[in-house]
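So you can see what is in the structure, the chains are spelled out below.
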Amino acid sequence: LRDRLIDLMIVFKQSWLYFRLMHGNRSLKDVCHAMFPDLSYQDLHIQHGFQASIAYQSLSESESPDIVKDQLSAYCSFDTYVTVRIYQYLKGLCSD
């Protein structure tokens, strides 16, 4: 399985693909905004990786862990969705 994993960030880190809207940044959020302006983290309660880390750490002390789990799930699901969209875009470039 490990041999089949691909780090998509390499494409952007090496500047093999760059969009002006990335403003020199290579984070998933910046790449997402540049490639898919219609997609946004703004509707999510957790919008940044550090917020996700803090929420995860606070789970054991939270008065409503189910809500925090749902928020984490939404954030992680969106990250995954964005990653799949980037993969599909890159795959499309390779097949053209």
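This text follows the structure it describes.
A. Molecular detail of the layout of surface pockets. Put simply, the largest pocket is a space of about 180 Å³. A breakdown of the residues in the lining of the largest pocket according to their chemical character gives 4 nonpolar, 6 polar and 2 charged.

B. Representation of the environment of Phe78 within the structure. Mapped onto the elements of the fold, Phe78 is located in helix 4 (residues 65-95). Judged by relative accessible area, which is 16%, Phe78 ranks as buried. Separated by 31 residues in the primary sequence, Phe78 and Gln47 place their C-alpha atoms 9.9 Å from one another. With residues near it in sequence (within four places) discarded, Phe78 still touches Leu39, Ser40, Tyr41 and Leu44.

C. Fine view of unusual backbone geometry. Positive phi outside glycine occurs at Ser15, with the angle close to 60 degrees. Topologically, Ser15 is positioned in the loop between helix 1 (9-13) and helix 2 (28-35). Judged by relative accessible area, Ser15 falls into the partly exposed class, the value being 39%. Phi is positive for His23, which is not a glycine, with a value near 50 degrees.

D. Structural context of the packing of helix 3 (residues 49-57) against helix 4. Packing of helix 3 against helix 4 brings their axes to within 10 Å, and their N-to-C directions diverge by 150 degrees. With respect to each other, helix 3 and helix 4 are oriented roughly antiparallel. Classified by chirality, the crossing of helix 4 by helix 3 is left-handed. Along its contact with helix 3, which presents Gly49, Ala52, Ala55 and Tyr56, the element helix 4 presents Val68, Leu72 and Tyr75. Its residues assigned to classes, the contact of helix 3 with helix 4 shows 6 nonpolar, 1 polar and no charged.

E. Local environment of the side chain of Asp79. In this fold, Asp79 is placed in helix 4. Buried within the structure, Asp79 lacks any salt-bridge partner; Lys29 is the closest side chain of opposite charge, at an N-O distance of 6.3 Å. The residues touching Asp79, leaving out its near neighbours within four places in the chain, are Leu28 and Tyr41.

F. Representation of the state of the cysteines within the structure. For the structure on display, the rule yields 0 disulfides. Residue Cys76 stays outside any disulfide, its sulfur separated by 15 Å from that of Cys32, the closest cysteine. Cys94 takes part in no disulfide bond, and the closest cysteine sulfur, belonging to Cys32, lies 20 Å away.

G. Region of interest: the packing of helix 2 against helix 4. Running from amino to carboxyl end, helix 2 crosses helix 4 at an angle of 55 degrees, the nearest separation of the two axes being 10 Å. Taken together, helix 2 and helix 4 sit at an angle that is classed as oblique. Crossing angle aside, the handedness with which helix 2 passes helix 4 is left-handed. Contact residues: Leu28, Val31, Cys32 and Met35 in helix 2; Asp79, Val82, Thr83, Ile86 and Tyr89 in helix 4. Counted by class, the contact of helix 2 with helix 4 contains 7 nonpolar, 1 polar and 1 charged residues.

Reading guide: rules and limits
Residues numbered from 1 in each chain as written. Predicted model: local features only at pLDDT ≥ 70, side-chain atom pairs only at ≥ 80, totals over all residues. Heavy atoms only, no water. 1 Å grid on protein atoms, 1.4 Å probe; cavity = no way out; pocket = protein on both sides within 12 Å on 5 of 7 lines; lining within 4 Å. Points joined across faces, edges and corners; volume = space filled by probe spheres on them. Nonpolar A, V, L, I, M, F, W, Y, C, P; charged D, E, K, R; others polar. Helix = DSSP H or I, 4+ residues; strand = E, 2+ residues; numbered from the N terminus. Buried < 20%, exposed > 50% of the residue type's maximum accessible area, 1.4 Å probe, protein only. Contact = heavy atoms within 4.5 Å. Axes fitted to C-alpha atoms, helices over the stretch in contact; angles between N-to-C directions. Parallel < 35°, antiparallel > 145°, perpendicular 65-115°, else oblique. Left-handed = near helix turned anticlockwise from the far one by under 90°. Lys, Arg positive; Asp, Glu negative; His and termini not counted. Salt bridge = Lys/Arg side-chain N within 4 Å of Asp/Glu carboxyl O. Disulfide = S-S within 2.5 Å.

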